[in-house]
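Here is how the chains run, residue by residue.
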Amino acid sequence: MNQINGAIYEIHHMDMLSSRDQWVNRVHPLVKLVLTVVYISTVVSFQKYDVAGTAGMLVYPMAVFLLAELSFADSLKRLRIVLPLVCFVGILNPFLDKHYVLIDGIRVNGGILSMVTLILKGVFSVLASYLLIATTSVEKLCCALRMLHVPKAVVTQFMLTYRYVTVLLEEVNRITQAYMLRAPHQKGIHFRAWGPLAGQLLLRSVDRANEVYESMLLRGYQGEYQYMRERIGFVRQDLAYLLFWLGVFAVFRMWPVILVVGGLFS
Amino acid sequence: MSHIHIDVEQVSFGYEKGKEILGQISLHASERDSIGIIGANGVGKSTFLKLLVGLNLDFSGSIRIEEIPVEKRTLAQIRSKIGYVFQDSDSQLFMNTAYEDIAFAPRNYGLPEQEVDRRVEEALRMTGISHLKEKQIYKMSGGEKKLVSIATILSMTPDIILMDEPSIALDPRNRRNLIRILNSFEHLKIIASHDLDLVLDTCERTVLMADGRIVKDGPTDVILTDRELLEENGLELPLCLQGRTGKAE
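Quick caveat: nothing in here was measured; it's all calculated off a predicted structure.

### Some points on the overall build of chain B
Part 1 of the argument: The helix and strand tally for chain B stands at eleven helices and ten strands.
Part 2 of the argument: Taking the principal axes of its C-alpha atoms as reference, chain B extends roughly 55 × 50 × 35 Å.
Part 3 of the argument: Counting all 249 residues of chain B, 46% fall into the buried class.
Part 4 of the argument: Restricting the contact set of chain B to residue pairs at least 6 apart, pairs at least 24 apart contribute 66%.

Printed below as a string of structure tokens:
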């Protein structure tokens, strides 16, 4: 599978994950969106040397992975491009941050602690975002955004961009395949062909995107998925799920739960 | 006059000024008409169909669908009456699964979920693709996509069906299935196609176009058996009427 086919497959795979009939997938999208935003805000709010507190926040992604029956290994594979970047962000901290922190009477380099915290914060935030889109379709997410009164133009732009990404990738695939079949000894596309190929790609993508939009218009689409709101009613379990996790985040933010639990066994 | 009808009067259209793609088209179609629009490549068949659903509004002349003029303010009303099948199924299908795509229109028209489900099941049954209900669109073959495209408009229970090259990408069995579906649709249908055999099997009336104009409008069995007329306009007799001589001439 070439890279473009791989990217198309990944997008379809995410669509497939979000359309499964799992319990977490059925939770109201607004609840999941709010929880994700609150979770990320909570994670990034920990002190830079508070490794134990930050690590405790792993509880949310772990629980959602289990509830949604998602493969953790698969997710890491999917996030393989983003995660090294996230880890790289904190790599200079041990050299820049020369403070020392006392933990149980042991002097630890603050730079290392802040690097670990930063990596944990980045990884947890990426995981939470991944879990949101793996359990919620783009249409439902857009519906949740509209409920939060995000302007219709912004939401429509977001939704159609997502729909058109595959259209664009498919066009790239066709063009590059047609090129490679007639240029068998070239490793890539010759720079002289870049201009015409990019122009062709743009024109074809615009045409295809236009046709997709026309097809939506002909079937009653008027700017947003009106029906979504009726289909995804807010039920008592949604409220319970929201309150439960908000409580958990508050507890983990205010008390070092990991240290307390660890203390029980020591 | 019957309730379902289309009136096209002196319609001309071009994407650029001075370059007319359609010129002085007039056509009346009533409730139970089945019309095949035929013509060589680039004569304006698809453009004509797009004008009927208001995808291009810069035309001169008048188009009325059930007495409603095709103009910007009436588009929603008109489009709720017409099912349009695109030439390229990939342009028509944009949701994840067949079910989601077929349910798209009924949901947009605000039908309750129970009715949406009933319509989707019915459309799947009519097209003979109930087994594809939960299949993801990107995993489908060209023929499967075409049948799902047709089901997406059947779920709208339209008064009028417009199809642009519906038999493209279909194997013989699915093509026969398509002919059965088209013949079971009792209201007005207009099919633009190069597949003259399909037109012969599904349409009682044929409109022959050339250079953006209607050259001939009449019974299918008269027009499609007129070899001279067809060849003058860049077409040939339907394959079933060409006879078999063993080797190609």
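### As for unusual backbone geometry
Residues and elements named next belong to chain B.
Part 1 of the argument: Within the chain, Glu 165 stands out as a residue other than glycine whose phi angle is a positive 45°.
Part 2 of the argument: Within the secondary structure, Glu 165 sits in the loop between strand S7 (160-164) and helix H7 (172-184).
Part 3 of the argument: The exposure class assigned to Glu 165 is partly exposed, which follows from the 19 C-beta atoms found within 10 Å.
Part 4 of the argument: Positive phi is not limited to glycine here, since Asp 211 has a value of about 50°.
Part 5 of the argument: The residue Asp 211 is located in the loop between strand S9 (205-210) and strand S10 (213-219) in this model.

### Let's talk about the sheet that holds S10(B)
Residues and elements named next belong to chain B.
Part 1 of the argument: Reading across the sheet, the six strands line up as S6-S7-S8-S3-S9-S10 and stay open at both edges, with mixed pairing between neighbours. Taken across any chain shown, the strands that pair with only one partner, and hence form the sheet edges, are strand S6 (82-85) and S10. Direction aside, neighbouring strands of the sheet carry axes that sit 15° apart on average.
Part 2 of the argument: Helix-sheet contacts for helix H6 (residues 142-154) involve S6 and S7, and the interaxial angle to S6 is about 170°.

### Structural notes on the environment of A:Tyr100
Residue and element names in this part refer to chain A.
Part 1 of the argument: Its location among the elements puts Tyr 100 in strand S1 (residues 100-103).
Part 2 of the argument: A tally of 12 C-beta atoms within 10 Å means that Tyr 100 is categorised as exposed.
Part 3 of the argument: Here the alpha-carbon distance between Tyr 100 and Gly 111, two residues eleven residues apart in the chain, equals 8.0 Å.
Part 4 of the argument: The contact partners of Tyr 100, leaving out residues within four places of it in the chain, are Arg 107, Val 108, Asn 109 and Gly 110.

### Quick look at the nonpolar core
Here is a general trend for soluble globular proteins: nonpolar side chains tend to be buried in one another's company.
Part 1 of the argument: Ranked by internal contacts, the top residues of the largest apolar core, which has 73 residues, are B:Ile37, B:Ile102, B:Ala151 and B:Leu162.
Part 2 of the argument: Among the nonpolar cores identified, the runner-up in size contains 31 residues, and A:Tyr60, A:Leu70, A:Leu127 and A:Ala144 belong to it.

### As for the confidence of the model for chain A
Part 1 of the argument: In this model, chain A carries an average pLDDT of 86, and 97% of its residues clear a pLDDT of 70 or more.
Part 2 of the argument: Averaged pLDDT values over the elements of chain A bottom out at 63 in helix H13 (residues 226-231) of chain A and peak at 95 in helix H3 (residues 29-44) of chain A.

### Section: H3(A)
All names here are of chain A.
Part 1 of the argument: The end-to-end C-alpha separation of H3 is 23 Å, in line with the 22 Å expected for 16 residues at 1.5 Å each.
Part 2 of the argument: Within H3 the residues assigned to the buried category are Pro 29, Leu 30, Val 31, Lys 32, Leu 35, Thr 36, Tyr 39, Thr 42 and Val 43.
Part 3 of the argument: Here the buried face of H3 lies against helix H4 (51-56), helix H5 (59-67), helix H9 (110-135), helix H10 (138-147) and helix H14 (236-254).

### Here we look at the interface of chain A and chain B
Part 1 of the argument: With 18 residues of chain A at the contact, the number on the chain B side is 23 residues.
Part 2 of the argument: Of all the elements in the fold, those that place two or more residues in the side of chain A that touches chain B are helix H1 (3-18), helix H12 (191-218) and H13 of chain A.
Part 3 of the argument: Ranked by residue count, the leading element in the side of chain A that touches chain B is H12(A), at seven residues.
Part 4 of the argument: Of the residues belonging to the side of chain A that touches chain B, the class tally is six nonpolar, five polar and seven charged.

### A look at the sheet that holds strand S2 (residues 22-30) of chain B
Part 1 of the argument: A sheet is described by the order of its strands in space; here four strands give the open sequence S2-S1-S4-S5 (chain B), paired in antiparallel fashion. Whereas interior strands pair on both sides, the edge strands pair on one side only; in this sheet they are S2 and strand S5 (68-69) of chain B.

### What about the UniProt feature "domain: ABC transporter" (unreviewed entry) in chain B?
Part 1 of the argument: Mapped onto the present numbering, the UniProt feature "domain: ABC transporter" (unreviewed entry) falls on residues 6-236 of chain B.
Part 2 of the argument: When the span residues 6-236 of chain B is considered, its composition is 37% helix and 25% strand, and the gap between its end C-alpha atoms is 29 Å.

### Structural notes on the environment of B:Pro166
Residue and element names in this part refer to chain B.
Part 1 of the argument: By the element assignment, Pro 166 lies in the loop between S7 and H7.
Part 2 of the argument: Note: C-alpha distance between Pro 166 and Ser 89 (77 residues apart in sequence) is 9.3 Å.
Part 3 of the argument: Setting aside residues no more than four positions away along its own chain, Pro 166 makes contact with Val 85, Lys 146, Ile 150, Leu 178, Ile 191 and Ser 193.

### Observations concerning the packing of helix H4 (residues 98-108) of chain B against helix H5 (residues 113-127) of chain B
Residues and elements named next belong to chain B.
Part 1 of the argument: Two elements in contact, H4 and H5, have axes separated by 9 Å at closest approach and are oriented at 125°. Accordingly, the angle class assigned to the pair H4 and H5 is oblique. H4 and H5 meet at a crossing whose hand is right-handed. Contact residues: H4 offers Tyr 99, Ile 102, Ala 103, Pro 106 and Arg 107, while H5 offers Glu 115, Val 116, Arg 119, Val 120, Ala 123 and Leu 124.
Part 2 of the argument: Taken together, the residues of the contact of H4 with H5 sort by class into eight nonpolar, no polar and three charged.

### Details of the pairing of strand S1 (residues 5-13) of chain B
Residue and element names in this part refer to chain B.
Part 1 of the argument: Note that S1 and S2 share six bridges and pair antiparallel. Note on S2: the bridge partner recorded for Val 8 is Leu 27.
Part 2 of the argument: When S1 meets strand S4 (residues 60-65), the two strands line up antiparallel, connected through five bridges. Residue pairing in the sheet places Asp 7 in a bridge with Arg 64 of S4.

### Here we look at the environment of B:Asn108
All names here are of chain B.
Part 1 of the argument: As for its placement among the helices and strands, Asn 108 is situated in helix H4.
Part 2 of the argument: For Asn 108, a count of 21 C-beta atoms within 10 Å translates into the label buried.
Part 3 of the argument: For the pair Asn 108 and Glu 134, spaced 26 residues apart in sequence, the C-alpha to C-alpha distance is 20 Å.

The rules behind each value
Residues numbered from 1 in each chain as written. Chains lettered and ligands numbered in written order. Predicted model: local features only at pLDDT ≥ 70, side-chain atom pairs only at ≥ 80, totals over all residues. Helix = DSSP H or I, 4+ residues; strand = E, 2+ residues; numbered from the N terminus. Buried ≥ 20, exposed ≤ 12 C-beta atoms within 10 Å, placed from the backbone. Contact = placed C-beta atoms within 7 Å. Pairing = 2+ DSSP bridges. Axes fitted to C-alpha atoms, helices over the stretch in contact; angles between N-to-C directions. Core = buried A, V, L, I, M, F, W, Y, C linked by C-beta atoms within 7 Å. pLDDT = per-residue confidence, 0-100. Expected span 1.5 Å × (residues − 1). Nonpolar A, V, L, I, M, F, W, Y, C, P; charged D, E, K, R; others polar. UniProt positions renumbered as here; feature names shortened; annotations may be inferred. Parallel < 35°, antiparallel > 145°, perpendicular 65-115°, else oblique. Left-handed = near helix turned anticlockwise from the far one by under 90°.

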